[in-house]
Amino acid sequence: MLTAHNSAVAGDFAATVLMPGDPKRSKYIAETYLENARLVNDVRGIQGYTGSYKGTPVSVMASGMGMPSMGIYSYELFAFYDVQNIIRVGSAGSIHPAVALRDLVIGMGASTTSAFARQYNLGGDFSAICSYDLLEACMHCTDTLGLRAKTHVGNILSSDAFYGETPELIQRWSDMGLLAIEMEAAALYMNAAKLGKRALTICTVSDHLLRHEALSSEEREKTFDEMMRLALETAIALEC
Ligand code: HPA
């Protein structure tokens, strides 16, 4: 055991790890999309699996909800398991008029209401951004999968307080051009920056916070599949 939170040993994770928030989603992804998937971590039910997609090794492990949880698991994968790329696959609430339910949002930048960056004592505000390499590979895959028209790339908000997202706060971030709200990307991007690794966030739009709309669970399934194909194709494009 390399860390208190992960029972995997060195070499158990592939170079690229996909991270949904929900441990059950991790299991579902492993069973549905990966070949020969084996469980490599189950500490606290944060399931991690390694298998392959179209012959390329890929891992999947849950991040849990929120920046502290994502902060721990992504740090450990990067720092102790030699993971090079992490792609978060999650859901987000749209706060942009042009970003509709069922669309895909890619976090080029992740603004945040969290104090996570204070640990670096930078004397200013850090701009948490994705890896350009991963973004470029992902955009290429949106073309090959026919998903470009429904994909939006820009700044997203990693919020610390799900129940603190008041209409006034949402409007202020919306006025700054942000696309959607989720809760993990900024911590992932900061860990990648600090440790010299690569990270990307792809989200499906599950609800619209300006229009007060939400997807049914059936519709969530379909957009989830599109996001997973995009993340997996991006993961294997990196290996070429
Ligand atoms: N806030 C934070 N995270 C989310 C939301 C939201 O409204 N929707 C989906 N993930």
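All values reported here derive from a predicted model rather than from experimental measurement. (Residues numbered from 1 in each chain as written. Predicted model: local features only at pLDDT ≥ 70, side-chain atom pairs only at ≥ 80, totals over all residues. Heavy atoms only, no water.)

1. Concerning the site of the ligand
Test applied: Here, proximity means that at least one heavy atom of the residue falls within 4 Å of the molecule or strand. Nitrogen and oxygen atoms within 3.5 Å of one another constitute a polar contact, given that in protein one can donate a hydrogen and the other can accept it, and given that sequence-neighbouring residues count only through two side-chain atoms. All accessible areas in this document rest on Shrake-Rupley with a 1.4 Å probe, and a residue is counted as covered only by the protein chains that are shown. We place a 1 Å grid over just the protein atoms. Points where a 1.4 Å probe fits but has no way out form a cavity, open points with protein on both sides within 12 Å along at least 5 of 7 lines form a pocket, and any residue with an atom within 4 Å of a point lines it. Just a note on the criterion: a molecule sits in a pocket or cavity if more than half of its atoms are within 2 Å of the grid points. In this description a helix means any DSSP run of H or I spanning at least four residues, a strand means any run of E spanning at least two, and both kinds are numbered starting from the N terminus. For this classification, the nonpolar set comprises Ala, Val, Leu, Ile, Met, Phe, Trp, Tyr, Cys and Pro, the charged set comprises Asp, Glu, Lys and Arg, and every other residue, Gly included, is treated as polar.
For the ligand, the full set of nearby residues is Ser91, Ala92, Gly93, Phe162, Glu165, Ile181, Glu182, Met183, Ser206, Asp207 and Leu209. At 3.3 Å from a nitrogen atom of the ligand is found a main-chain nitrogen or oxygen belonging to glycine 93. Contact between the ligand and aspartate 207: a nitrogen atom at 3.3 Å from a side-chain N or O atom of the residue. Here the ligand loses 90% of its free accessible area of 260 Å² to cover by the protein chains. A molecule is said to occupy a pocket when more than half its atoms come within 2 Å of that pocket's grid points, and by this definition the ligand occupies the largest pocket. Counting only elements with at least two residues in the shell around the ligand, the list comes to strand E5 (85–94), strand E9 (180–182) and strand E10 (198–208). Residue contributions to the shell around the ligand peak at three residues, all from E5. Split by residue class, the shell around the ligand holds five nonpolar, three polar and three charged.

2. A look at the nonpolar core
Our working rule: Buried Ala, Val, Leu, Ile, Met, Phe, Trp, Tyr and Cys residues form a nonpolar core when they are joined through side-chain atoms within 4.5 Å. Each residue is assigned to one of three classes by its accessible area relative to the maximum for its type, calculated with a 1.4 Å probe on protein chains only: buried under 20%, partly exposed between the two thresholds, exposed over 50%. In this analysis, two residues are considered to be in contact whenever any of their non-hydrogen atoms come within 4.5 Å of each other.
Phe13, Leu18, Leu77 and Ile202 are the most contacted members of the largest nonpolar core, which has 70 residues in total. The residues contacting isoleucine 202, other than those within four sequence positions of it, are Ile87, Arg88, Val89, Gly90, Val105, Ile106, Cys138, Met227, Leu230 and Ala231. By size, the runner-up hydrophobic cluster in this structure holds five residues, among which are Ile95, Leu157, Ile170 and Leu178.

3. Side note on the layout of surface pockets
To be explicit about the condition: Grid points are joined across faces, edges and corners, and a volume is the space filled by probe spheres set on the points.
Of the pockets and cavities examined, the largest pocket occupies roughly 780 Å³. Mapped onto the lining of the largest pocket, the elements with two or more residues apiece are E5, E9, E10 and helix H6 (217–238). In terms of residue count, the dominant contributor to the lining of the largest pocket is E5 (six residues). Counted as a void, the second largest pocket has a volume near 310 Å³. Along the walls of the second largest pocket sit 15 residues, with Ser111, Thr112, Asp125, Phe126 and Ser127 positioned nearest its centre. Per-element accounting of the lining of the second largest pocket gives the leading share, four residues, to strand E6 (residues 104–112). When grouped by side-chain class, the residues that make up the lining of the second largest pocket number six nonpolar, seven polar and two charged.

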